[in-house]
Amino acid sequence: MLSPVGLRQRSDLLQAIRSFFLGRDYIEVDTPLRLPVLIPEPHLIPFASEECFLHTSPEICMKRLLAGGCERIFQICHCFRKEECGRLHQAEFTMLEWYHKGWDYFDLMRQCEELIGWVARKVPGFSGLTDGDRLRWQDAQVDLAPPWERLTVAEAFQRHAAVSVTDALRADRFDEILVTEVEPNLGRTRPVFLYDYPVELGSLARRSRHNPAVAERFELYVAGVELANGFSELADPLEQRQRFQRAIEQMQEEGKTAQMPERLLANLSRMGEVAGIALGVDRLCMLLQGHNDIAQTTPLIFAEL
């Protein structure tokens, strides 16, 4: 369990995040935790809640709000993912998610730099911070002063992996190689935005207008820890339906059940050009406080209940 000092810091962190977005004309939203249908994502296992599911992220609801006319929205909420447990994972965790109409993924990268710099300055006493903008975590010394590094997935594999992205995909080893060979080297001296994922791994991201082989998706890494996942959002309901169908077929092959999120698809074309991102609040708190496990950043440790 967190100490009173740690609890105060976590509280101040949440308030600093809110003040950042409210000061930039965002609306804070509060969407349901229980949903009858989730976005089909083969790598995520949801918790059942009677006839519904506990959401794995608030994305499906927030996109419907964007389709209804909202321009800038954010949410801090608990999310639930079954069978996720470890030093960097908990089955229940705190997510910050936000969306901005008229932006793309590069705009979100710049705002990420601004947000994390803001909270590091606004909340006093973080033990992981030294010399103002320098983060010390395990054996990494990370300079948080912008601009941060931008690195394409192809460049990262060329720099850190024994095989190319193409070969990793062909061997069905992309995730394995990313986690074991690439991720540990990212963000060790400066945070890095890993961007332009292969379109097969684009999830809900828009296909790049400059290179159709990649999707406009990025992940933010600090000291080797994945902290955020952002997109230029795909707003084409036909292409999104095709991607969902492939995901559903994969889940069925693995013995999982999934449904097509028809209401989301019906609203998608009205969403317009939007960029969206999810950031792990517990992981951010862990890095800033200098802890080695996100369980040390939460008010209650689940295993003790």
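For the structure itself, look to the data block above.
Each value, and the rule that gives it
- Residues numbered from 1 in each chain as written.
- Predicted model: local features only at pLDDT ≥ 70, side-chain atom pairs only at ≥ 80, totals over all residues.
- Heavy atoms only, no water.
- Helix = DSSP H or I, 4+ residues; strand = E, 2+ residues; numbered from the N terminus.
- Rg over C-alpha atoms; globule rule 2.2 N^0.38 Å.
- Buried < 20%, exposed > 50% of the residue type's maximum accessible area, 1.4 Å probe, protein only.
- Contact = heavy atoms within 4.5 Å.
- Lys, Arg positive; Asp, Glu negative; His and termini not counted.
- Charge placed at Lys NZ, Arg CZ, Asp CG, Glu CD.
- Pairing = 2+ DSSP bridges.
- Axes fitted to C-alpha atoms, helices over the stretch in contact; angles between N-to-C directions.
- Phe/Tyr/Trp six-rings, centres within 6.5 Å; stacked < 30°, edge-to-face > 60°.
- Lys NZ or Arg CZ within 6 Å of the ring centre and 35° of its normal.
- Salt bridge = Lys/Arg side-chain N within 4 Å of Asp/Glu carboxyl O.
- Polar contact = N/O pair within 3.5 Å; in protein donor to acceptor, adjacent residues only side chain to side chain.
- Parallel < 35°, antiparallel > 145°, perpendicular 65-115°, else oblique.
- Left-handed = near helix turned anticlockwise from the far one by under 90°.
- Nonpolar A, V, L, I, M, F, W, Y, C, P; charged D, E, K, R; others polar.

(A) Fine view of the overall build of the protein. Of regular secondary structure, the protein possesses nine helices and 14 strands. Relative to its length of 305 residues, the protein is compact, with a C-alpha radius of gyration of 19 Å against a globular reference of 19 Å. Reported as C-alpha extents along the three principal axes, the dimensions of the protein are approximately 50 × 45 × 40 Å. Across the 305 residues in the protein, those meeting the buried criterion constitute 52%. Taking as baseline every contact in the protein between residues at least 6 positions apart, the subset at least 24 positions apart corresponds to 68%. With 34 positive and 45 negative side-chain charges, the protein shows a spacing of 3 Å between the two charge centroids.

(B) Focus on the sheet that holds strand β5 (residues 72-80). Spatial ordering of the open sheet is given by β1-β5-β6-β14-β13-β12-β11-β10, a layout of eight strands whose pairing is mixed. Both outer strands of the open sheet, β1 (27-28) and β10 (149-152), are each paired with one neighbouring strand and no more. Note that β10 and strand β11 (residues 192-198) share four bridges and pair parallel. By the bridge assignment, Leu151 is partnered in β11 with Leu194. Helix-sheet contacts for helix α2 (residues 59-67) involve β5, β6 (92-101), β13 (225-232) and β14 (274-280), and the interaxial angle to β6 is about 20°.

(C) View of the packing of aromatic side chains. Counted by the stated rule, this structure contains 12 aromatic pairs. The interplanar angle of 85° and the centroid separation of 5.1 Å between the aromatic rings of Phe20 and Phe21 together place this pair among those described as edge-to-face. Assigned by exposure class, Phe20 and Phe21 land together as buried. When the ring of Phe21 is compared with that of Tyr26, the centres are 5.0 Å apart and the planes differ by 75°; the resulting orientation is edge-to-face. Accessibility assignment for this pair places Phe21 and Tyr26 in one class, buried. Taken together through their ring pairs, the aromatic side chains of Phe20, Phe21, Tyr26, Phe74, Trp98 and Trp118 make up a single cluster. A cation over an aromatic ring shows up here: Arg217 above the ring of Tyr197, its NZ or CZ 4.2 Å from the ring centre.

(D) How the structure looks around the pattern of salt bridges. As enumerated under the stated definition, the model contains 20 salt bridges in all. A salt bridge links Arg34 to Glu51, with the shortest nitrogen-to-oxygen separation between them at 3.8 Å. In this pair, Arg34 is assigned in strand β2 (residues 34-35) and Glu51 in the loop between β3 (48-49) and β4 (52-54), connecting sequence segments 17 residues apart. For Arg34, a relative accessible area of 36% puts it in the partly exposed group. Residue classification places Glu51 among the exposed residues on the basis of a relative accessible area of 59%. Arg217 is paired through a salt bridge with Glu219; the nearest N and O atoms lie 2.7 Å apart. For the pair Arg217 and Glu219, one class covers both residues: buried. Put simply, Arg206, Arg209, Glu216 and Glu273 are held in one network by salt bridges that share partners.

(E) Representation of the side chain of Arg243 in the model. Mapped onto the fold, Arg243 is located in helix α7 (residues 237-253). Judged by its relative accessible area of 10%, Arg243 falls in the buried class. Side-chain polar atoms of Arg243 contact the backbone oxygen of Ala205, separated by 2.7 Å. Of the polar contacts made by the side chain of Arg243, one reaches the side chain of Glu239; its length is 2.9 Å. Arg243 has contacts with Val199, Gly202, Ser203, Leu204, Ala205, Arg207 and Leu234, leaving out every residue within four places of it along the chain.

(F) Region of the structure containing the packing of helix α1 (residues 4-22) against helix α3 (residues 105-122). Packing of α1 against α3 brings their axes to within 9 Å, and their N-to-C directions diverge by 135°. Relative to α3, the element α1 lies oblique. Here α1 runs over α3; the crossing is right-handed. Each of Leu13, Ala16, Ile17, Ser19, Phe20 and Phe21 in α1 lies in contact with α3, whose residues at this interface are Gln111, Glu114, Leu115, Trp118, Val119 and Lys122. Looking at side-chain class alone, the contact of α1 with α3 contains eight nonpolar, two polar and two charged residues.

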